[in-house]
Amino acid sequence: MAIIQRKIIEISMEELTDVDRAFARHAQVNMDKLPKAYAGLVEKTREACMKAVKPAGVVRSVKIREIREESILLEGDGGRTEEVRSTFITELMRDCFEAVWFAATLNGFRELLEASGDLMEQFFLEAWGSAFASRAAAFTSDYARELLNKEGLCFTSAWEPGQHGFDIHNQQTAFELLRPEEIGLTLTESMLMIPAKSVTGLFGIAEKEQREMIPCDYCELRAACPSAYDSGAGGGFRCGGDA
Ligand code: SF4
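All values reported here derive from a predicted model rather than from experimental measurement.

Enquirer: Any details on the overall build of the protein chain? Residues and values, ideally.
Expert: Helix and strand counts for the protein chain come out as 6 helices and 9 strands. Relative to a compact globule of 243 residues, whose C-alpha radius of gyration would be 18 Å, the protein chain shows 18 Å and is just as compact. By its C-alpha atoms, the protein chain is 55 × 35 × 35 Å across when sized along the principal axes. Across the 243 residues of the protein chain, 51% fall into the buried class. Counting every atom, the protein chain has about 11800 Å² of accessible surface; 49% of that belongs to carbon and sulfur. For the protein chain, the distance from the average position of its 27 positive side-chain charges to the average position of its 39 negative side-chain charges is 2 Å.

Enquirer: Talk me through the pairing of strand β4 (residues 81–85); I want residue IDs and the actual numbers.
Expert: Alternating residues of β4 divide into E82 and V84, all buried, and T81, E83 and R85, none buried. In the sheet, strand β3 (residues 71–75) pairs with β4 via 5 bridges, with the strands oriented antiparallel. If you follow S71 over to β4, its bridge partner there is R85. Here β3 folds back onto β4 in antiparallel fashion, the turn holding 5 residues, of which G78 has a positive phi close to 60 degrees.

Enquirer: Give me the confidence of the model for the protein chain: which residues, what numbers.
Expert: Of all residues in the protein chain, 94% have pLDDT values of 70 or greater, and the mean over the chain is 92. With pLDDT under 50 throughout, residues 231–241 is counted as low confidence; its partners more than four residues away or in other chains account for 31 contacts.

Enquirer: Before we move on, can you summarise the pattern of salt bridges with the specific residues and values?
Expert: In total, this model carries 15 salt bridges according to the counting rule given. Where R21 meets D18, a salt bridge forms, and the shortest distance between an N and an O atom there is 2.9 Å. By relative accessible area, which is 26% here, R21 ends up partly exposed. In this structure, the salt-bridge partner of D77 is R179, at a minimum N-O distance of 3.0 Å. Residue D77 is located in the loop between β3 and β4, and its partner R179 is located in the loop between α6 (171–178) and β7 (186–187); the two are separated by 102 residues in the primary sequence. Taking relative accessible area as the criterion, D77 reaches 26% and is therefore assigned partly exposed.

Enquirer: Give me the lowdown on the nonpolar core, citing residues and values where you can.
Expert: In terms of nonpolar packing, the biggest core is built from 39 residues, with F23, C49 and F132 touching the most fellow members. Counting only elements with at least two residues in this core, the list comes to α1 (19–27), α2 (36–52), β5 (96–107), α4 (109–115), α5 (119–150) and β9 (198–206). A total of 11 residues in this core trace back to one element, the largest contributor, which is α5.

Enquirer: Can you break down the side chain of T173 residue by residue, with the values?
Expert: As for its position among the elements, T173 is in helix α6. Classification of T173 by relative accessible area gives buried; the value is 8%. Non-local contacts of T173, meaning those with residues more than four positions away in its chain, are made with L74, E82, E83, V84 and W101.

What counts and how
Throughout this description, residue numbers start from 1 for each chain and increase along the sequence as written. Local features are withheld for residues below a pLDDT of 70 in this predicted model, meaning they are given only at 70 or higher, and side-chain atom pairs are given and counted only at 80 or more; totals for whole chains, interfaces and linings count all residues. Water and hydrogen atoms play no part in the side-chain values, which are based on all heavy atoms of the structure. Note on conventions: DSSP H or I runs of at least 4 residues are helices, E runs of at least 2 residues are strands, and numbering of each starts at the N terminus. Every radius of gyration here is taken over C-alpha atoms, with the globule rule written as 2.2 Å times N^0.38, N being the number of residues. Three labels apply to residues, based on accessible area from a 1.4 Å probe with only protein chains included: buried if under 20% of the type maximum, exposed if over 50%, partly exposed otherwise in between. A 1.4 Å probe and the Shrake-Rupley method give the accessible areas. Residues count as covered only by the protein chains that appear here. In summary, the charge assignment counts Lys and Arg as positive and Asp and Glu as negative, without counting His or the chain termini. For the purpose of locating charges, the reference atoms are NZ of Lys, CZ of Arg, CG of Asp and CD of Glu. Strand pairing is assigned whenever DSSP identifies at least 2 bridges connecting the two strands. Every residue is assigned a pLDDT by the predictor, reflecting its confidence on a scale from 0 to 100. Working rule for contacts: check all heavy atoms of both residues, and any pair within 4.5 Å makes them a contact. Any carboxyl oxygen of Asp or Glu that lies within 4 Å of a side-chain nitrogen of Lys or Arg is treated as forming a salt bridge with it. Only buried residues count toward a nonpolar core. Its members are Ala, Val, Leu, Ile, Met, Phe, Trp, Tyr and Cys residues joined through side-chain atoms within 4.5 Å.

Below is the structure:
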């Protein structure tokens, strides 16, 4: 049996931490020096999200059957084999024996955004949406990390399909294993997640400590990316946030 059984996590907005910092990075604003003209709107859009948005996550681990040169074979449901295709991820998980997939989404956010007819308000809502989605993903993946810590196990950095060297088509494997439709998250044929403010990710479980491989360190967008990992800030912000 895999270490982490599939678990749906209903998340309350109040449980999400570090959201303001994530928002500031997405909106590229300094929260302590917000111009008066915008401060009220920032607060209003935050409050609107707090009232209307319902985050949810799903997480599970699966056994690794085989690590090949360019792919990893995972033990799926009913004895099926699921595949992760990426030379980068095979390197990341070289010493791992299970893989953790997680997903988080924001239900109600799109409706909130669509109801707004003001461009500035939409801009701040978008930034709050990205911030809450990334923190919901962190909350979901932390559920797994805490269980692993209790077992004395180690884990790799988390990577999201679409990041450097991790083809977006691996979303199909994430959706096959997580079945996130149950939390309102679906995938289109072109690999778009609906709702858009959603995050999926993968990390490996190992017996011993793993070398850190942070997606942002390999990403061409890092210089201009508001979500880039910031080791100096004492925490990681990664694609879609800091999951
Ligand atoms: S958070 Fe930004 S810099 Fe980091 S991997 Fe994603 S796009 Fe690249």
